[in-house]
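Results of the structural survey
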Amino acid sequence: MNLKLRTDDPLAPAEPANRSWTRHDAAHLLRRTGFGATVTEIDRAVDEGLEATLQRRLAPQPESEEFDQVARLLRNTAHQTGSIGDLKAWWFYRMRYTANSLVERMALLWHDHFATSYGKVQSVKQMAAQNDAFRRHALGDFRELLHEMSRDVAMLVWLDGNANRKRHPNENFAREVMELFSLGIGNYTEADIIEAARAFSGWHVRKGEFWFNELQHDTGEKTVFGRTGNLNGEDVIELCLEQPACPRFIAVKLLRYFVQPEPQEELVAALADRIRAHNFQITPVLGELFRSRAFWAESSRLALIKSPVDLVVGSQRSLEVRSNLNASAEALAKLGQDLFQPPTVKGWDGGRDWISTTTMILRINFATELAGGERFGEMPHPAALARQLGAGSREEVVTQIAAFLLGREPATEETHELAAAYQQAGGDRTARIRSLLQIVLSTPDYQLT
Amino acid sequence: MLRCPPRFFRHSLLLASLTFCSVSVAFAEDPEPRPLAERFPSGAFACLEAEDLGPVARQLQESALLERILASPQYQQYRKTDQYQQQQAGRQILEAQLRTDLWTLFEKVLGGRWIAALYPGDQPQQPHLAVLIEATDAELLALIQERIDPFLDLAGDRVERFETPAGTPGFALDGKLYVVIAGETVFAASTRDLLEQLQSGSDPESDPSAASLATDERFVAMADQLGDGHELRLFVDSHAIGAATDGRMGIPEKLDNPLASLLFSGLLELVAHSPYAGVTVDVEENGFAVAASVAGAAHELDESHHVFFPSPGDAGAPAIPQVEGLIGGFAWYRNLDQWYRQRETYLQPEALPGFDQFETNIGNLLPGRDIGEDVLPLLGDRMTFLAALQNFDHLEGEPGLKLPGFAAVIELADPEEGADTLRLFFQTLTAVLNLQASAQGREPWIMDSESYGGAHISYGRYLSTPEGDSLPVVFNFQPASALVGNQFLLCSSVDLCRELIDAAQTPADATAGSSRCFDLELHAATLADAFEKNRTVLEARAIQDGTEPERASEDVAALLELIRMMQGLQLTTSAGEGTYELRLQGSWK
């Protein structure tokens, strides 16, 4: 894409020159703001252009009747059975079939950010309620989300809220609010944590709901970030949001999630300014981010390692597989991203940590099963993919499918190798295409987005 | 006085004699068909006899069940596969060649009488096979022979044609199967010699009292035991098989699964030492019955295996209480105490360490007691487990996932101490679950009690009655226990406990339980009701597995319809004086 870069501001919009807007550009936007992209979605994005496509991603889209019915059925089943496996299947269904991919993608980000594990909470109802909050505020107001999380039942169970009492303050929640949810390490003192814990005392759970236990709340004077008063939890959160470190902390998260694994200081500062300017409203921040030259820079293309969700959900969406929700959710767990069960309070480290010898083998196994088997669901006739891409000859099939999956034109040498493998695969055209899919999905380059 | 009748009288006498003889012949022309087993040489170690499968096939063809299966979404999906297309193509070719459909082919060829038997071969793993089929349509057989002849010619060296001593043509395939079609009869065998023995046995001139399969001692015993006139009857000469193998027909002495051992160790040991066994299958208009008989007296096995069988004359497994909404259950006779003590006799070494963990875990629920020494000896030999539909009167609403109520009826050898021990278990379990309830933010139980039917019911009720239409699954449970006579009731609902107390007051069926080892029953209507109550969960499961929503709904509907076509299933086993019998019965509407 010929996007002319206008000013020195890394978040300045990249301006289209000659109004060219390639399939790879469209795919880059769709994949970063969702999970994978079908040929049809890419075609539509190419037709509509960057701005219209982005508007569609940022604005709520109506879900189909079938989606609503099935999502409701799966959600009710999870509540009825009390099985976290059923809740995982529900969320996987949402990510796979929603018309609002960016919402689900942000919900996943907040799930990682406000990491809470069913392993300790042991309540499907509470985990589902927390997940709803992430979705409700996905593209909304981070301030509101942070406040809501401070009273979230699952969060309070996870961080021992009921142990935080007037005479014996428990610092778990206060520490994580500062370290993991708003400021990051080094941007608060131990004294701030101790005082903040006092402010959150009495924020308990009773009969499965948030309860302000007045008798256990410390009403004395506290000093947090140099501000003194009879501070309560809400006050502490507002003070955290006021700190300069807060928008920076959120900026780093967003940049690592959507743009580059190691964003430069200039970019972080610029995005932090945007977050502050928009008063923590996520939609306008993301709008600027997705229009920015930083997002469209060559260095940002295929720069992120696909998380297990990106890989599993994205591959199934792209290939329009009728997903086996249970098997797919299980695959996520094996690949290191078990929904509703992050490993620690820090969530998932992500990035290069997604790839190890073990997980690479598992990713290859996933590719093999997806392309050739039925374990993860039924794939439409592979030849249909070739037709959608307008690929007729053997060379076209190889090139087009590789380009579609890899998000770039394959190099000449790659094309030769893939063509040779395609030819050697044997069997009919369907078998060869399946073989080609399996090979491409297994490549190191496919693990990038 | 006449010395010699006049000619007229001689002629009349002759005429009368001839008339009498012809009438006698007319009656004699419709005798009982000769048992096919009489035509087989003696020494078979297994044989399968079939009779009148034609009407069964016709019944199946016209049945609502088959109609439903063919209309089901699964079958419609299968029809789109390449495998189905190939099968249909093969079927059409065959039907065109034979000028008849496969149902009619089955009815006319295999719908009459046939028998297949296995004889010892030169090597134990290569027995000889002999088959005799009495078709009901000689013309069709002739047509089949005419149609396959060209294919036999095409097979070249693989097919050898020959003529029997009687001059009947036959053919052999790869030297492994010899076949002769003579009129309405098909003879087939894996050796030429066996084929000729079959044919000579079928000679109407042959001596019916000559040695044959029908005169083999164990076959006769089996036939006496199970009777004639079954659609299918299988005979296994386990003595002969045992002699040719390891003496136990390959049946292991020890199993690697404790539950399998509890259920099957006794039966397997009996089979390993049994001289013969037989199985029959009967099909009626609205049901079927499979009966198996294993010769051998359970009390003649080594003492360690007596734990699986009631003593002769002893009352065996109890009858399953017929409570309202009964879905099904099973009852057994097992000396659990002795089984546990002697578990090393029945189980392979790798299955034993699990018991250490079991004892540790169960010890937490029975403080200060050892399961083997202090608990199992208190139990009697009879236990029943059952499931029944439940209402949810203990809730203001109902759970989302509606489970049946479950119950165990445990006979106690020492009612007083046994009841106290089980109550201890019950109370400790409730306390542990309440601690979990606190951690998970759900409603705990408090222990309460009531008197009912002369018994004292202890049960857990919710501190506050839960409200809602889709309550968590844990609210299906309202644990209850009671002692009635020497039976301890452990139930997941108070209502079920009350019903079992009522059932215990009703005099038991005197014929039930006699020498019975195991009894299982399943009621299709209530099973379907249980599934119906959870229809959405079943649909959700199908969707989770990748089925499209509409198809998921159709699949569940088809499953429920199929279950409702059934009435029930019952399996009973009993150890008689000289035999062990198993009977499986099913019925449909």
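Residues numbered from 1 in each chain as written. Chains lettered and ligands numbered in written order. Predicted model: local features only at pLDDT ≥ 70, side-chain atom pairs only at ≥ 80, totals over all residues. Heavy atoms only, no water.

**Things to note about the overall build of chain A**
Helix and strand counts for chain A come out as 24 helices and eight strands. For chain A, the C-alpha radius of gyration of 23 Å lies close to 22 Å, the compact-globule estimate for 449 residues. Along the first, second and third principal axes, the C-alpha set of chain A runs to 80 × 55 × 40 Å. Burial statistics for chain A: of 449 residues in total, 57% are counted as buried. Nonlocal contacts in chain A, meaning residues at least 24 apart in sequence, comprise 70% of its contacts between residues at least 6 apart. Of the roughly 18200 Å² of accessible surface on chain A, 49% is carried by carbon and sulfur atoms. In chain A, 52 side chains carry a positive charge and 59 a negative one; their mean positions are 2 Å apart. (Helix = DSSP H or I, 4+ residues; strand = E, 2+ residues; numbered from the N terminus. Rg over C-alpha atoms; globule rule 2.2 N^0.38 Å. Buried < 20%, exposed > 50% of the residue type's maximum accessible area, 1.4 Å probe, protein only. Contact = heavy atoms within 4.5 Å. Areas by Shrake-Rupley, 256 points an atom, 1.4 Å probe, with all protein chains shown as cover. Lys, Arg positive; Asp, Glu negative; His and termini not counted. Charge placed at Lys NZ, Arg CZ, Asp CG, Glu CD.)

**Description of the packing of helix 14 (residues 353-365) of chain B against helix 16 (residues 415-440) of chain B**
Residues and elements named next belong to chain B. Interaxial distance between helix 14 and helix 16 falls to 8 Å at its minimum, and their mutual angle equals 90°. The angle between the axes of helix 14 and helix 16 places the two elements in the roughly perpendicular class. Facing I362, N364 and L365 of helix 14, the residues of helix 16 in contact are L424, F425, T428, L429 and V432. A breakdown of the residues in the contact of helix 14 with helix 16 according to their chemical character gives six nonpolar, two polar and no charged. (Axes fitted to C-alpha atoms, helices over the stretch in contact; angles between N-to-C directions. Parallel < 35°, antiparallel > 145°, perpendicular 65-115°, else oblique. Nonpolar A, V, L, I, M, F, W, Y, C, P; charged D, E, K, R; others polar.)

**Description of the state of the cysteines**
Residues and elements named next belong to chain B. Applying the stated criterion to the full structure yields zero disulfides over all chains. Unpaired in terms of disulfides, C491 finds its nearest cysteine sulfur in C497, a separation of 3.9 Å. Judged by relative accessible area, C491 falls into the buried class, the value being 6%. (Disulfide = S-S within 2.5 Å.)

**So, the side chain of B:Q544**
Tracing the sequence through the fold places B:Q544 in helix 19 (residues 535-544). Residue contacts for B:Q544: discarding those within four places in its chain leaves A:L74, A:D86, A:A89, A:S323, A:N324, A:L325 and A:N326.

**What to know about helix 23 (residues 412-424) of chain A**
For helix 23 of chain A, built from 13 residues, the straight-helix expectation of 18 Å at 1.5 Å per residue is met to within 8% by its first-to-last C-alpha distance of 18 Å. Of the surrounding elements, those touching the buried residues of helix 23 of chain A are helix 22 (394-406) and helix 24 (429-442) of chain A. (Expected span 1.5 Å × (residues − 1).)

**Brief notes about the nonpolar core**
By size, the foremost hydrophobic cluster in this structure holds 144 residues, and its most contacted members are A:M106, A:F142 and A:L286. If you tally residues by element for this core, the top one is helix 14 (residues 245-258) of chain A, at nine residues. Built from parts of two domains, this core gets at least three residues from each of domain 1 (18-58) and domain 2 (308-447) of chain A. Apart from residues lying up to four places away in sequence, A:M106 is in contact with A:A138, A:L139, A:L254, A:F258, A:I282 and A:L286. B:A277, B:L336, B:L379 and B:A408 belong to the second-largest nonpolar core, a separate cluster that totals 42 residues. (Core = buried A, V, L, I, M, F, W, Y, C linked by side-chain atoms within 4.5 Å. Domains from an automatic or database assignment.)

**Thoughts on the environment of A:A371**
Following the sequence through the fold, A:A371 ends up in helix 20 (residues 357-372). Exposure remark for A:A371: the relative accessible area of 0% places this residue in the buried category.

**Let's talk about helix 18 (residues 524-533) of chain B**
One turn of the α-helix equals 3.6 residues, which is why residues spaced by three or four share an orientation. By the burial criterion, the buried members of helix 18 of chain B are B:A524, B:T526, B:L527, B:A528 and B:A530. Against the buried residues of helix 18 of chain B lie strand 11 (326-333), strand 20 (516-523), helix 20 (549-565) and strand 21 (566-575) of chain B.

**A closer look at the pattern of salt bridges**
Any two side chains of opposite charge can pair, given that their charged atoms come close. Applying the stated rule across the entire model yields 59 salt bridges over all chains. A salt bridge links B:R113 to B:E134, with the shortest nitrogen-to-oxygen separation between them at 3.0 Å. In this pair, B:R113 is assigned in strand 2 (residues 113-123) and B:E134 in strand 3 (residues 126-134), connecting sequence segments 21 residues apart. One salt bridge in this structure joins B:R341 and B:D337, with 3.1 Å as the shortest N-O distance. Placement of the pair is B:R341 and B:D337 together in helix 12 (residues 336-341), with a separation of four residues, close to one helical turn. On the basis of relative accessibility, which here comes to 41%, the residue B:R341 falls in the partly exposed class. We classify B:D337 as buried; its relative accessible area is 12%. Each of A:R75, A:R94, A:E104, A:D132 and A:R135 takes part in one network of salt bridges that share partners. (Salt bridge = Lys/Arg side-chain N within 4 Å of Asp/Glu carboxyl O.)

**Concerning unusual backbone geometry**
Despite not being glycine, A:F340 has its phi angle at roughly 70°, a positive value. Here A:F340 is to be found in the loop between helix 19 (325-335) and helix 20. Residue classification places A:F340 among the buried residues on the basis of a relative accessible area of 1%. Phi is positive for B:D174, close to 55°, though the residue is something other than glycine.

**Observations regarding the interface of chain B and chain A**
Between chain B and chain A, the residue contacts involve 19 residues of the former and 17 residues of the latter. Contact between chain B and chain A buries roughly 1600 Å² in total, counting both sides, with carbon and sulfur atoms accounting for 52%. Contact with chain A buries surface across chain B, with B:Q440, B:I543 and B:Q544 losing the most and accounting together for 33% of the total. For the interface between chain B and chain A, the tally reads one salt bridge. A salt bridge links A:D86 to B:R541; the nearest nitrogen and oxygen atoms lie 2.6 Å apart. Counting across the chain B and chain A interface gives seven residue pairs in polar contact (both at pLDDT 80 or more). Going through the elements one at a time, strand 17 (467-471) and helix 19 of chain B are the ones with two or more residues in the side of chain B that touches chain A. Residue contributions to the side of chain B that touches chain A peak at seven residues, all from helix 19 of chain B. Here the residues of the side of chain B that touches chain A sort into eight nonpolar, seven polar and four charged. (Buried area = accessible area lost by both parts, 1.4 Å probe. Polar contact = N/O pair within 3.5 Å; in protein donor to acceptor, adjacent residues only side chain to side chain.)

**Quick word on the packing of helix 5 (residues 84-97) of chain A against helix 18 (residues 308-318) of chain A**
All names here are of chain A. Relative to each other, helix 5 and helix 18 sit at 55°, their axes nearing to 9 Å. In terms of orientation, helix 5 and helix 18 fall into the oblique class. By crossing handedness, the relation of helix 5 to helix 18 is classed as right-handed. The segment helix 5 lies against helix 18, with F92, M95, R96 and Y97 engaging V309, V312, V313, Q316 and R317. By residue class, the composition of the contact of helix 5 with helix 18 is six nonpolar, one polar and two charged. (Left-handed = near helix turned anticlockwise from the far one by under 90°.)

**With respect to the domain arrangement of chain A**
Residue and element names in this part refer to chain A. Here chain A is partitioned into domain 1 (18-58) and domain 2 (308-447). The gap between the C-alpha centroids of domain 1 and domain 2 is 20 Å. Every contact between the two is made by twelve residues of domain 1 and, on the other side, 16 residues of domain 2. Of the roughly 1100 Å² buried between domain 1 and domain 2, counting both surfaces, carbon and sulfur atoms make up 52%. In terms of surface lost to domain 2, no three residues of domain 1 exceed H24, F35 and V39, which account for 54% of the buried area on that side. The interface formed by domain 1 and domain 2 holds one salt bridge in total. Two residues, E41 and R317, come together in a salt bridge whose shortest N-O distance is 3.0 Å.

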